[in-house]
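Remarks on the overall topology
Now for the letters of each chain:
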Protein chains: 2
Amino acid sequence: MIVVPLGTSSAAPTRERHLSSAALISDGRILLFDCGEGTQMRLKHAGLRTSRIAAVFITHLHGDHYFGLLGLMSSMALMRHKDPLVVVAPEELTRVMHLLPNIRDHELTYPVELVPLPACLSHAVVYDTPEFFVEARALAHRVFTVGYRIQEKARPGRLDVKRAGALGIVDYTDYQALKRGQPVKGPGGRLVQPDAVLAAPKAAPSFAYVADTSPCEGGVLLARGATLLMHEATFAGAMQARARATGHSTAAEAAAVAKKAGAGKLLLTHFSSRYKDVEPLVEEARAVFPATEAAQELERYTVVPTDG
Amino acid sequence: MIVVPLGTSSAAPTRERHLSSAALISDGRILLFDCGEGTQMRLKHAGLRTSRIAAVFITHLHGDHYFGLLGLMSSMALMRHKDPLVVVAPEELTRVMHLLPNIRDHELTYPVELVPLPACLSHAVVYDTPEFFVEARALAHRVFTVGYRIQEKARPGRLDVKRAGALGIVDYTDYQALKRGQPVKGPGGRLVQPDAVLAAPKAAPSFAYVADTSPCEGGVLLARGATLLMHEATFAGAMQARARATGHSTAAEAAAVAKKAGAGKLLLTHFSSRYKDVEPLVEEARAVFPATEAAQELERYTVVPTDG
């Protein structure tokens, strides 16, 4: 998995920073987390093709997190996109977006599979593939907001062919069954368990996207053991009261979530436009959680478990 | 009047060109013509403050001409904008935009005055101030589309105070009445007509914005004698059949409109992303109408009548 921050500004864009969006690349597919205005341009700047976008996950319905979805969908139709596009978003958006001229169903060239999140949702798996799944959890913002976690499914460890052979297992279909976790019959009907021939499962990377929110339990649960946590850090510590009043986090609070959750690495994002230089916020966070960086737009972050 | 093209790309943005929008600055107010995705960023790049935007005129409901309105309106609320914002747009948008989370009436800090254009509209004055008015005319595109013309009202010529004095007119309120075009009573009750003391009215600049459209009568009427005509030129002449099929114009067709209308100067815009270099399109247009340029994004074009 590779994560590419596309926009790291909160609320309003600045000359240097763009509105919220992060792309995750996995197996040639792109998943987008949030889609602020201008995301289609940022994808272009990142060299990412819209034809590879499989799903968009919207955290909440403040414009800086979703207005870019409309232009993206419209442009994908212009490009004669054919594959289904999954849109996971708070229910209210899924009710009204099809009313907007230029992204009404009959104007699109591809099917849109809406996954509406009801405002009462606290936790759900919202996307599932053989390779990974995405869960959503409610956060603590001014309006109904969720964070997301994408978790690769554990892959079986390497099969020790010699060891399998010594146990009389030489058939490819038996190898496959063992890798799926099923015991197979050896010579004389003796069952061979997967553990006997497989190395430990490979560590499965995970990515948590937690924005916008005050520090909360939902964020910690999403970030639990995550290889990479991208957490909003709208304010420096001096503005903690404002962070609380507006449903946001300070950099140190984001770091405390990373620490409590045992995340591998923390990327701060969603900076208030008042901070031309965000290095002081990074310093505040590092005092709590050393493996912290400010998300750099268009940089490619490889999500690799430390034991992988 | 000053015109600043903010985006000159058709349909999809390119790395160099942005989506349709043009700002017109008059008396410290900004009028926006079209508002494609990213317009609020382009205003920032142009050094234009959103607090000065008085009205937005949308030509049609293809996303590249209106999706940026949502983020702009949302950001203006974030900036605690207070003055009314006039939005002139095809009726369908004015019916659904208030349903969108983050730009619903109760989420805005300023009143929005909607001017819905019914799809049967052929011609109307849609905005009127003491200094200028804006008219809309139906064009020939794939969906209901209008073009706009902003026309400054003729300003009275300079009052010849000496001549007025010789006729016995020395009072300031009489000067004002004459400038408004009203005759006033001189000594002995004799009427003094404005013509007797005022120079010829100053030439009044006008700006026509014609996009998207095939060349059509509505475009010519909007451009009639316009100081500056901004006309779409999506295609080069080699793609005339495609221009016709998609309801667009070639550069030479835009030039023919300028020529027929007796416009002062032509700015080409709305270039297909296939043209990295638009100079060949400008050449094609100049063969028909020499006073042609390609609109340069963020450049400031002063709209001054040649006799002004």
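Cut-offs used in this document
- Residues numbered from 1 in each chain as written.
- Chains lettered and ligands numbered in written order.
- Predicted model: local features only at pLDDT ≥ 70, side-chain atom pairs only at ≥ 80, totals over all residues.
- Heavy atoms only, no water.
- Helix = DSSP H or I, 4+ residues; strand = E, 2+ residues; numbered from the N terminus.
- Rg over C-alpha atoms; globule rule 2.2 N^0.38 Å.
- Buried < 20%, exposed > 50% of the residue type's maximum accessible area, 1.4 Å probe, protein only.
- Contact = heavy atoms within 4.5 Å.
- Core = buried A, V, L, I, M, F, W, Y, C linked by side-chain atoms within 4.5 Å.
- Pairing = 2+ DSSP bridges.
- Axes fitted to C-alpha atoms, helices over the stretch in contact; angles between N-to-C directions.
- Phe/Tyr/Trp six-rings, centres within 6.5 Å; stacked < 30°, edge-to-face > 60°.
- Salt bridge = Lys/Arg side-chain N within 4 Å of Asp/Glu carboxyl O.
- Right-handed = clockwise from strand over helix to strand, strands pointing away.
- Buried area = accessible area lost by both parts, 1.4 Å probe.
- Polar contact = N/O pair within 3.5 Å; in protein donor to acceptor, adjacent residues only side chain to side chain.
- Nonpolar A, V, L, I, M, F, W, Y, C, P; charged D, E, K, R; others polar.
- Least-squares fit on C-alpha atoms with pLDDT ≥ 70 in both.

Looking only at helices and strands, chain A features ten helices and 16 strands. Compactness check: chain A gives a C-alpha radius of gyration of 22 Å against a globular reference of 19 Å for 308 residues, within 12% of the reference. The C-alpha extent of chain A, read off along each of the three principal axes, is 70 × 55 × 35 Å. In chain A, which comprises 308 residues, the proportion classed as buried is 57%. Sequence-distant contacts, at least 24 apart, represent 63% of the contacts inside chain A between residues at least 6 apart.

This part takes up the nonpolar core. Counting residues in each nonpolar core, the largest one holds 64 residues, and the members touching the most others are Leu32, Ile53 and Leu69 of chain A together with Leu32, Ile53 and Leu69 of chain B. Among all residues touching Leu32 of chain A, those that are not within four sequence positions of it are Leu6, Ser21, Ala22, Ala23, Thr39, Leu43, Ile53, Ala55, Val56, Phe57 and Leu72 of chain A.

A separate point is the sheet that holds strand β7 (residues 123–128) of chain B. All names here are of chain B. Read from one edge of the open sheet, seven strands run β7-β8-β9-β12-β13-β14-β15, paired in mixed fashion. Sheet topology places β7 and β15 (292–294) at the edges, where each strand pairs with a single neighbour. Mean inter-strand twist for the sheet, computed between neighbouring axes without regard to direction, equals 20°. Running over the sheet, helix α10 (residues 279–286) touches β14 (265–269) and β15 and is turned about 165° from β15.

Further remarks concern the packing of aromatic side chains. Across all of its chains, the model carries 16 aromatic pairs over all chains by this definition. With a centroid separation of 4.7 Å and 55° between ring planes, the pair formed by Tyr66 of chain B and Phe67 of chain B is classed as tilted. Each member of the pair Tyr66 of chain B and Phe67 of chain B is classed as buried. A network of ring pairs unites the aromatic residues Phe33, Phe57, Tyr127, Phe132, Tyr148, Phe207 and Tyr209 of chain A as a single cluster.

Per the counting criterion, the structure on display carries 24 salt bridges over all chains. For Glu91 of chain A, the salt bridge goes to Arg95 of chain A, with nearest N and O atoms at 2.8 Å. Taken as a pair, Glu91 of chain A and Arg95 of chain A lie in helix α4 (residues 91–96) at a separation of four residues, close to a single helical turn. Among the salt bridges present, the one from Arg29 of chain B reaches Glu131 of chain B, with a minimum N-O distance of 2.9 Å.

Moving on, we come to helix α9 (residues 251–261) of chain A. All names here are of chain A. Ala251, Glu253, Ala254, Ala255, Val257, Ala258 and Ala261 are the residues of α9 that are buried. Structurally, α9 contributes buried residues whose contacts are with α7 (217–223), β13 (228–232), α8 (240–246), β14 (265–269) and α10 (279–286). Once α9 ends, the next one or two residues include Gly262, with phi positive near 65°.

All names here are of chain B. Extensive coverage of strand β12 (residues 206–210) is indicated by the burial of five of its five residues. Judged by which residues are buried, β12 turns out to be covered on both faces: Ser206, Ala208 and Val210 on one side and Phe207 and Tyr209 on the other are all buried. Pairing between strand β9 (residues 146–152) and β12: four bridges, direction antiparallel. What sits directly across from Arg149, in β12, is Ala208. Of the pairings in the sheet, the one linking β12 to strand β13 (residues 228–232) comprises four bridges and is parallel in character. For Tyr209, the partnering residue across the bridge sits in β13 and is Met230. With respect to chirality, the unit in which β12 leads through helix α7 (residues 217–223) into the neighbouring parallel β13 is right-handed.

The next thing to look at is the interface of chain B and chain A. If you look at the interface, chain B gives 33 residues, while chain A gives 33 residues. Carbon and sulfur atoms supply 62% of the area that chain B and chain A bury against each other, a total of about 2800 Å² over both sides. Area buried by chain B at its contact with chain A is led by Glu37, Phe67 and Pro101 of chain B, which between them contribute 22% of it. A salt bridge links Arg104 of chain B to Glu92 of chain A, with the shortest nitrogen-to-oxygen separation between them at 2.3 Å. Our enumeration of links across chain B and chain A arrives at 14 residue pairs in polar contact (both at pLDDT 80 or more). For the side of chain B that touches chain A, the elements supplying multiple residues, two or more each, are α1 (39–45), α2 (63–66), α3 (68–78) and α4 (91–96) of chain B. Among the elements that line the side of chain B that touches chain A, the one with the most residues is α3 of chain B, at six residues. Its residues assigned to classes, the side of chain B that touches chain A comprises 16 nonpolar, twelve polar and five charged.

All names here are of chain A. Reading across the sheet, the seven strands line up as β6-β5-β4-β3-β2-β1-β16 and stay open at both edges, with mixed pairing between neighbours. With one partner strand each, in any of the chains shown, β6 (112–117) and β16 (301–302) form the two edges of the open sheet. Where strand β1 (residues 2–7) meets β16, two bridges bridge the pair, whose relative direction is antiparallel. Along β16, the bridge assignment pairs Ile2 with Thr302.

What follows deals with the relation of the copies chain B and chain A. Both copies of the chain are related by a screw-like operation: a rotation about an axis and a shift along it. For the pair chain B and chain A, the relating rotation is 180°, the translation along its axis is 0.1 Å, and the fit reaches an RMSD of 0.2 Å. The transformation relating the two chain copies, once decomposed into turn and shift, fits a two-fold axis. No C-alpha of chain B lies nearer the rotation axis than that of Gly38 of chain B, which sits 2.8 Å from it. In this assembly the copies share their binding face: 100% of the residues contributing to the interface of chain B also contribute to that of chain A.

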